[in-house]
Amino acid sequence: MERLRTLDGEAKLITHIGAVLGWDQETYMPPAAIEERGDQLAYLEGLAHEKQTMPEIGELLAALGSTGENPEGDTTLSPMDRAYLRIMRRNYDQATKVPTELVSEMAKATSLSQAAWAKARSGNDFPAFEPHLQKMVDFNRRIADCLDPSGKPYDVLLDRFEEGGTQAGIAAVFNPLRDELVKLMDRIRSRPQVNDDFLHRHCPEADQAKASSYLMKILSYDLERGRLDKTAHPFTTTLGVSDVRITTRYVEDFFPSSVFGTIHESGHALYELGMGPAPEYQRTSLADAASMAVHESQSRLWENMVGRSLGFWKNHLQEFARMLTPVLDGVSIDEYYRAINKVEPSLIRTEADEVTYSLHVILRFELEAELLSGNLAVKDLPGAWNERMQAFLGIVPPDDAKGCLQDIHWSMGAIGYFPSYALGNLYGAQFWDAMKDQGFDPAVAVENDNLGAILTWLRANVHSAGAVYKPGELARKVTGESLDASHFMRYLNEKYARVYGF
Ligand code: ZN
């Protein structure tokens, strides 16, 4: 077990060294360094892959009784050791079951596909991208077959991002959610709309940077263990156990972009910084997220349930107005609260509000599952996309660039990833309700400006566990029930009844 942790830890060292280079590339690297940096990163990735697929790892896993059928190994081991074997077996199988030739064949096809996608999107030319998308779908089918020839391909792909997740299980959660969201949208549309003009007043980058630092501080993001920089696309990256960094984007005529981006990424960083099931597992794959969706639950809980709440701004709007003078002059708390929670059906997922966002994701989930099963032909994607946009959001994209070509994921061959974005909302709301059930009301903590108490609860119940539990198990353990969209819907219905007055 110790040897296994050592080898795993060495692979993590390489990954974190690569993260330093990757972070630098996105933030401060001079542009001419890009090609050599690409070589450096590819070299490190190769090294990490070699480490992760060492036959010795396979031998150690076997010696500890871990097999495909019984990944947790010997029953005499401690629950934490058994969870670790499950994770290591999973990682090892995923890294070794797909033949190297297939991996490199797909890597080549993917870089062509991404280039074709970028061109097709800017030229609004879906037919130019279609053969590449077809290849990505085919590669995904082959990968699913390598990983688990007896499993349903989409389930196998999903499992890589949401361990234990299945198409049927997710559909059972998403279908009622979709119907409820469409109903809520109808109610919102029937009400007078919200004015958010003042959010577009000019706000200098330097002032927004001050506001971001202020936000990180009140969220208890420890700047001895992290930092904030500026990039075109915000992200969080882990460079080590005590080095988790975020970036944000400053849009001078829309300051909420940096405000909520910073809160969102801080939520991811707080999760990363709080992992640690036990000291001996600190630098191993057990100190990792339970899933992409659980990661997203942390960012969205802070961004939306805390950061877009009335209680939060009752405590902080005054200081904000001072930092951003004169942008918020003459804006009342009520006007501000309504503006930052404005709902509007829109074409682009990444710009969607809290209510419509999940609909964008459910649409992608349904379509990618149909593409993979063959129920939807690749050439028919634009039509199917537009039909569903009409059904879910009541709007139709004027072109494919603002429709099925908008996201990079499929061009990269990432199928099965999208559901994580919406599942995150659901986990977050369910954790929130679990706090209440356990006698601690997070909304009251927000009103009392006691955000630390929420972080403490999340640390104890969600963060510290790392990857010990599969995401579905984590939900059951923390909240006493399986993942259920009703918590999220109740939260949305209550909040937006207030924002839109119904
Ligand atoms: Zn995120």
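Residues numbered from 1 in each chain as written. Predicted model: local features only at pLDDT ≥ 70, side-chain atom pairs only at ≥ 80, totals over all residues. Heavy atoms only, no water.

Once that is clear, we can look at the side chain of Ser-358. Looking at the element boundaries, Ser-358 is found in helix 14 (residues 357-373). Note on Ser-358: relative accessible area 0%, which makes it buried. Ser-358 has contacts with Leu-177, Leu-181, Ala-422, Asn-425 and Phe-488, leaving out every residue within four places of it along the chain. (Helix = DSSP H or I, 4+ residues; strand = E, 2+ residues; numbered from the N terminus. Buried < 20%, exposed > 50% of the residue type's maximum accessible area, 1.4 Å probe, protein only. Contact = heavy atoms within 4.5 Å.)

Taken as a whole and assessed by the stated rule, the structure comprises 17 aromatic pairs. Seen from their ring centres, Tyr-154 and Phe-365 are 5.9 Å apart, and the 50° between their planes marks the pair as tilted. A residue pair is termed long-range when its members are at least 10 positions apart, and Tyr-154 in helix 7 (residues 153-161) and Phe-365 in helix 14 qualify at 211 residues. Phe-365 gets classed as buried once you look at its relative accessible area, which sits at 3%. (Phe/Tyr/Trp six-rings, centres within 6.5 Å; stacked < 30°, edge-to-face > 60°.)

Looking at the metal site, the zinc ion is ligated by His-264 (NE2), His-268 (NE2), Glu-296 (OE) and Glu-296 (OE), spaced 2.1 to 2.7 Å from it. One can describe the donor arrangement at the zinc ion as irregular, given that its four donor atoms subtend angles of 49 to 125° at the metal. Along the chain, the residues donating to the zinc ion fall in the pattern H-x3-H-x27-E. With a gap of 28 residues between them, His-268 in helix 10 (residues 256-274) and Glu-296 in helix 11 (residues 292-306) connect regions that are remote in the sequence. For Glu-296, a relative accessible area of 10% translates into the label buried. (Donors = N, O, S within 2.8 Å, 3.2 Å for Na, K, Ca; no water. Tetrahedral: all angles 85-135°; square planar, octahedral: opposite > 155°, others 65-115°.)

Before going further, it helps to spend a moment on the side chain of Arg-5. Looking at the element boundaries, Arg-5 is found in helix 1 (residues 2-27). Although buried, Arg-5 forms no salt bridge, and the nearest oppositely charged side chain, Asp-81, lies 4.1 Å from it. Within the structure, Arg-5 has its side chain in polar contact with the side chain of Tyr-281 (distance 3.3 Å). If sequence neighbours within four positions are ignored, Arg-5 has contacts with Asp-81, Tyr-84, Glu-280, Tyr-281 and Thr-284. (Lys, Arg positive; Asp, Glu negative; His and termini not counted. Salt bridge = Lys/Arg side-chain N within 4 Å of Asp/Glu carboxyl O. Polar contact = N/O pair within 3.5 Å; in protein donor to acceptor, adjacent residues only side chain to side chain.)

This next bit is on unusual backbone geometry. Note that the residue after Thr-325, namely Pro-326, is joined by a cis bond; omega there is 5°. Along the chain, Pro-326 turns up in the loop between helix 12 (310-323) and helix 13 (333-340). Phi at Ser-220 is positive, roughly 65°, even though this residue is not glycine. When you line up the elements, Ser-220 lands in the loop between helix 9 (205-218) and strand 1 (228-230). Non-glycine residue Asp-449 carries a positive phi angle of around 55°. Overall, Asp-449 belongs to the partly exposed group, its relative accessible area being 40%.

In this section: the pairing of strand 2 (residues 236-240). Judged from the four bridges that link them, strand 2 and strand 3 (residues 243-248) form a sheet pairing that is antiparallel. Directly across from Thr-236, in strand 3, lies its bridge partner Ile-246. Taking the residues between adjacent antiparallel strands as the criterion, strand 2 and strand 3 are bridged by two residues. (Pairing = 2+ DSSP bridges.)

Looking now at the sheet that holds strand 3. The strand order across the open sheet formed by three strands is 1-3-2, and the pairing between neighbours is mixed. Strands at the two margins of the open sheet, each flanked by one partner only, are strand 1 and strand 2. When strand polarity is set aside, the average angle formed by the axes of neighbouring strands in this sheet is 30°. Packing of helix 1 onto the sheet brings it into contact with strand 1, strand 2 and strand 3, and relative to strand 2 it is tilted by some 140°. (Axes fitted to C-alpha atoms, helices over the stretch in contact; angles between N-to-C directions.)

A few words on the domain arrangement of the protein. Looking at the assigned domains, one finds that the protein contains domain 1 (2-151) and domain 2 (167-500). One C-alpha centre belongs to domain 1, the other to domain 2; they are set 26 Å apart. Taken residue by residue, the interface counts 38 residues in domain 1 and 45 residues in domain 2. Around 3,500 Å² of area is buried between domain 1 and domain 2 when both sides are counted, 65% of it from carbon and sulfur atoms. The largest contributions to the domain 1 side of the interface with domain 2 come from Trp-23, Met-80 and Phe-126, which together make up 19% of the buried area. Here Asp-288 and Lys-12 are joined by a salt bridge, their closest N and O atoms 3.6 Å apart. (Domains from an automatic or database assignment. Buried area = accessible area lost by both parts, 1.4 Å probe.)

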